[in-house]
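Commentary on secondary and tertiary structure
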Protein chains: 2
Amino acid sequence: MGPKYSSSRENYLKAIFHLQEIHGTVTTNDVANELQTRPASVTDMLKKLKAQKLLLYEKYKGFKLNTEGRKVALQIIRKHRLWEYFLVEKLRFGWDEVHEIAEELEHISSKKLIDRLDEFLGFPKSDPHGDPIPDSQGRWTLTRQVDLLNLPINQMAEVSGIGDQSAEILELLNHKHIALGTRLEVKKKFAFDNSIELKIKNQSPVTISEHVAKNVFVKYDE
Amino acid sequence: MGPKYSSSRENYLKAIFHLQEIHGTVTTNDVANELQTRPASVTDMLKKLKAQKLLLYEKYKGFKLNTEGRKVALQIIRKHRLWEYFLVEKLRFGWDEVHEIAEELEHISSKKLIDRLDEFLGFPKSDPHGDPIPDSQGRWTLTRQVDLLNLPINQMAEVSGIGDQSAEILELLNHKHIALGTRLEVKKKFAFDNSIELKIKNQSPVTISEHVAKNVFVKYDE
DNA sequence: TTTATTTTTTAGATTTGTCTAAATTTTATT
DNA sequence: AATAAAATTTAGACAAATCTAAAAAATAAA
Ligand SMILES: [Mn+2]
Ligand SMILES: [Mn+2]
Ligand SMILES: [Mn+2]
Ligand SMILES: [Mn+2]
């Protein structure tokens with residue numbers, strides 16, 4: 001058996017899903033813009049997707065994915081993001097050059113292939129751009145963003161933002177080898193002054209004050 | 001930029017290349033049969049490939065790939081076989097379940113992707129079915145098949161066939177741990193009786209007679 | 001609430017790749 | 001050489017996906 005839906009239909013489903021996520025609602029023009037096509041072409045496709053029971057659609061009234069359409073869209077997103085992860089982690093591509101290639105790879109139909117790839121990659125939770133990778137049932141783990149005071153002990157996390165942007169805090173963080181992207185975990189929290197002891201791989205533990213901890217934001221899965 | 005040629009065109013080029021290899025010449029019916037399509041469809045496509053300067057074609061007289069067509073075909077074959085190798089060696093697929101999936105993967109267009117994949121796989125010389133993998137210039141190393149008498153000294157090779165199929169020789173080979181797929185090299189050739197000393201990895205050397213050597217066929221690259 | 005603007009849909013073409021049925025050419029048999 | 005059979009090509013049609021231009025509906029402005 002070949003693919004269940006054409007690449008074109010899959011691209012429409014994915015685009016509608018994404019726009020739905022961002023705006024809650026989607027318009028014909030949105031989709032045309034997203035897919036670099038014409039509104040008339042979108043209308044044509046909406047009818048086809050409706051006929052295939054992937055979409056709820058009433059002309060002039062709007063449209064949205066139904067359960068089946070959402071399910072299909074999530075599997076394409078899963079494939080897209082797993083391939084991106086593969087390209088970066090195994091083939092040494094930069095995170096900024098994988099999207100185009102994944103746009104093609106996401107349409108390869110074999111389910112077994114993608115599940116094996118997932119396993120081969122160690123079941124990654126997010127792609128090189130930090131976006132969550134749905135599992136084979138279409139579920140994904142949320143990436144939580146918290147400051148270091150609220151990061152659970154022993155939870156590996158990645159620095160994703162700095163609150164205070166002053167030269168002083170940046171100098172301090174630089175000295176302690178903490179930068180955007182640094183992976184670390186909190187080893188101890190001292191109740192006395194709310195200071196925190198951190199561990200970065202291959203480095204000796206460092207301590208930071210509550211004031212600093214409040215201004216370092218990290219993200220982690222689950 | 002997307003793919004230079006459609007998947008369909010690439011499939012035609014590949015089919016024509018293969019049939020040309022086997023029979024020296026190709027007919028419309030051959031191609032129709034190979035691609036599970038109709039002769040009329042083949043004729044239609046021949047015209048398009050000719051217009052694209054990938055094929056020499058004169059109606060009713062026959063056709064064959066020109067230099068450019070051959071070049072394109074070889075790159076598709078390269079992709080097909082590298083992906084098959086990836087599926088077997090990295091994703092633990094059986095050699096009998098990868099062809100279908102590679103039929104889709106071979107149409108992914110990125111040249112950088114396939115060159116990186118080649119590197120990631122360690123520049124394999126042949127795919128899981130023993131077929132040679134062309135390099136990025138479309139050249140491949142021939143796999144030579146010889147009997148053990150003619151295998152160059154110290155050339156690693158793989159047992160690919162047994163001439164005499166009698167129970168006696170099979171018992172002898174079995175006792176010396178030589179079977180289809182065994183990788184070995186010739187360490188010494190004795191001029192006195194043309195007997196040969198072999199080395200199989202992790203085993204002590206074994207000697208076989210000229211008579212046996214004549215009946216064991218091996219293949220090796222280059 | 002008319003009128004104007006924007007959005008969406010329809011009507012009719014176009015491109016690519018495929019098909020069937022019929023015509024043409026080549027090849028094989030009397 | 002004439003006829004039969006097989007291979008190949010053409011003619012005309014169709015499905016999928018796209019487009020332009022025009023019509024219809026919804027929304028915003030006056
Ligand atoms: Mn992407
Ligand atoms: Mn991504
Ligand atoms: Mn294959
Ligand atoms: Mn193969």
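For the structure, see preceding data.
In this report, we go over the structure that sits alongside the text. The shown structure was predicted, so the numbers you read here are calculated from the model rather than taken from an experiment.

Some thoughts on the coordination of the manganese ion (ligand 1)
- The coordination sphere of the manganese ion (ligand 1), as far as protein atoms go, consists of A:His80 (NE2), A:Glu84 (OE) and A:His99 (ND1), spread over 1.8 to 2.1 Å.
- For the manganese ion (ligand 1), all donor residues lie on one chain, and their spacing in sequence is H-x3-E-x14-H.

A closer look at the protein's contact with DNA strand C
- The local shell around DNA strand C holds 22 residues, among which A:Tyr57, B:Ser6, B:Arg9, B:Thr37 and B:Ser41 are the closest.
- Backbone atoms, meaning sugar and phosphate, make up 71% of the atoms of DNA strand C lying within 4 Å of the protein.
- The side chain of A:Thr28 places a nitrogen or oxygen atom 3.2 Å from a phosphate oxygen of DNA strand C.
- One of the side-chain nitrogen or oxygen atoms of A:Lys47 is found 3.0 Å away from a phosphate oxygen of DNA strand C.
- For the surface near DNA strand C, the secondary-structure elements that each account for two or more residues are α2 (28–34) and α3 (39–51) of chain A together with α1 (7–23) and α3 (39–51) of chain B.
- Ranked by residues supplied to the surface near DNA strand C, first place goes to α3(B) with five residues.
- Partitioning the surface near DNA strand C into residue classes produces eight nonpolar, eight polar and six charged.

Here's the deal with the coordination of the manganese ion (ligand 3)
Residues and elements named next belong to chain B.
- Around the manganese ion (ligand 3), the protein supplies His80 (NE2), Glu84 (OE) and His99 (ND1) as donor atoms, at distances of 1.8 to 2.1 Å.
- Read in sequence order, the donor residues coordinating the manganese ion (ligand 3) give the pattern H-x3-E-x14-H.
- For the pair the manganese ion (ligand 3) and the manganese ion (ligand 4), the metal-to-metal distance amounts to 3.6 Å, and glutamate 84 bridges them. Of this pair, histidine 80 and glutamate 84 both sit in helix α4 (residues 67–89), four residues apart, which is roughly one turn of the helix. Glutamate 84 matches histidine 80 in its accessibility class, with the two residues each being buried.

Remarks on the packing of aromatic side chains
- In this structure the tally under the stated criterion is nine aromatic pairs over all chains.
- What links up through ring pairs into an aromatic cluster is the set A:Trp83, A:Phe86, A:Phe120, B:Trp83, B:Phe86 and B:Phe120.
- Positioned over the ring face of B:Phe120 is B:Lys90, at 4.7 Å from the centre of the ring.
- Sitting over the ring of A:Phe93, B:Arg116 keeps its end group 5.1 Å from the ring centre.

Quick notes on α4(B)
- The terminal C-alpha atoms of α4(B) lie 33 Å apart, and with 23 residues this matches the ideal 33 Å at 1.5 Å per residue to within 8%.
- One side-chain oxygen at the N-terminal end of α4(B) lies 3.0 Å from the backbone nitrogen of B:Glu68; it belongs to B:Asn66.

Re the sheet that holds strand β8 (residues 216–221) of chain A
All names here are of chain A.
- Taken together, six strands build an open sheet; the order of strands is β3-β8-β4-β5-β6-β7 and the sheet is antiparallel. Both edges of this open sheet fall to β3 (143–147) and β7 (206–208), since each of them pairs with a single strand only. Taking each pair of neighbouring strands and ignoring which way they run, the sheet shows an average axis angle of 45°.

A closer look at the interface of chain B and chain A
- Facing 22 residues of chain B, the contacting portion of chain A comprises 22 residues.
- Per-residue buried area on chain B facing chain A is highest for B:Leu91, B:Glu104 and B:Arg116; these three make up 28% of the total on that side.
- Linking chain B with chain A are four salt bridges, by the criterion used here.
- In this structure, the salt-bridge partner of B:Glu97 is A:Lys112, at a minimum N-O distance of 3.0 Å.
- Viewed at the interface, chain A and chain B are joined by ten residue pairs in polar contact (both at pLDDT 80 or more).

Re helix α1 (residues 7–23) of chain A
All names here are of chain A.
- For α1, which comprises 17 residues, the first-to-last C-alpha distance of 24 Å matches the rise-based estimate of 24 Å (1.5 Å per residue) to within 8%.
- Listing the buried residues of α1 in full gives Glu10, Tyr12, Leu13, Lys14, Ala15, Ile16, Phe17, Leu19 and Gln20.
- Backbone geometry just after α1 places glycine 24 at a positive phi near 80°.

Conventions used here
- Residues numbered from 1 in each chain as written.
- Chains lettered and ligands numbered in written order.
- Predicted model: local features only at pLDDT ≥ 70, side-chain atom pairs only at ≥ 80, totals over all residues.
- Heavy atoms only, no water.
- Donors = N, O, S within 2.8 Å, 3.2 Å for Na, K, Ca; no water.
- Near = heavy atom within 4 Å.
- Polar contact = N/O pair within 3.5 Å; in protein donor to acceptor, adjacent residues only side chain to side chain.
- Helix = DSSP H or I, 4+ residues; strand = E, 2+ residues; numbered from the N terminus.
- Nonpolar A, V, L, I, M, F, W, Y, C, P; charged D, E, K, R; others polar.
- Buried < 20%, exposed > 50% of the residue type's maximum accessible area, 1.4 Å probe, protein only.
- Phe/Tyr/Trp six-rings, centres within 6.5 Å; stacked < 30°, edge-to-face > 60°.
- Lys NZ or Arg CZ within 6 Å of the ring centre and 35° of its normal.
- Expected span 1.5 Å × (residues − 1).
- Pairing = 2+ DSSP bridges.
- Axes fitted to C-alpha atoms, helices over the stretch in contact; angles between N-to-C directions.
- Contact = heavy atoms within 4.5 Å.
- Buried area = accessible area lost by both parts, 1.4 Å probe.
- Salt bridge = Lys/Arg side-chain N within 4 Å of Asp/Glu carboxyl O.

Interpretation in functional terms is not warranted from these geometric data alone.
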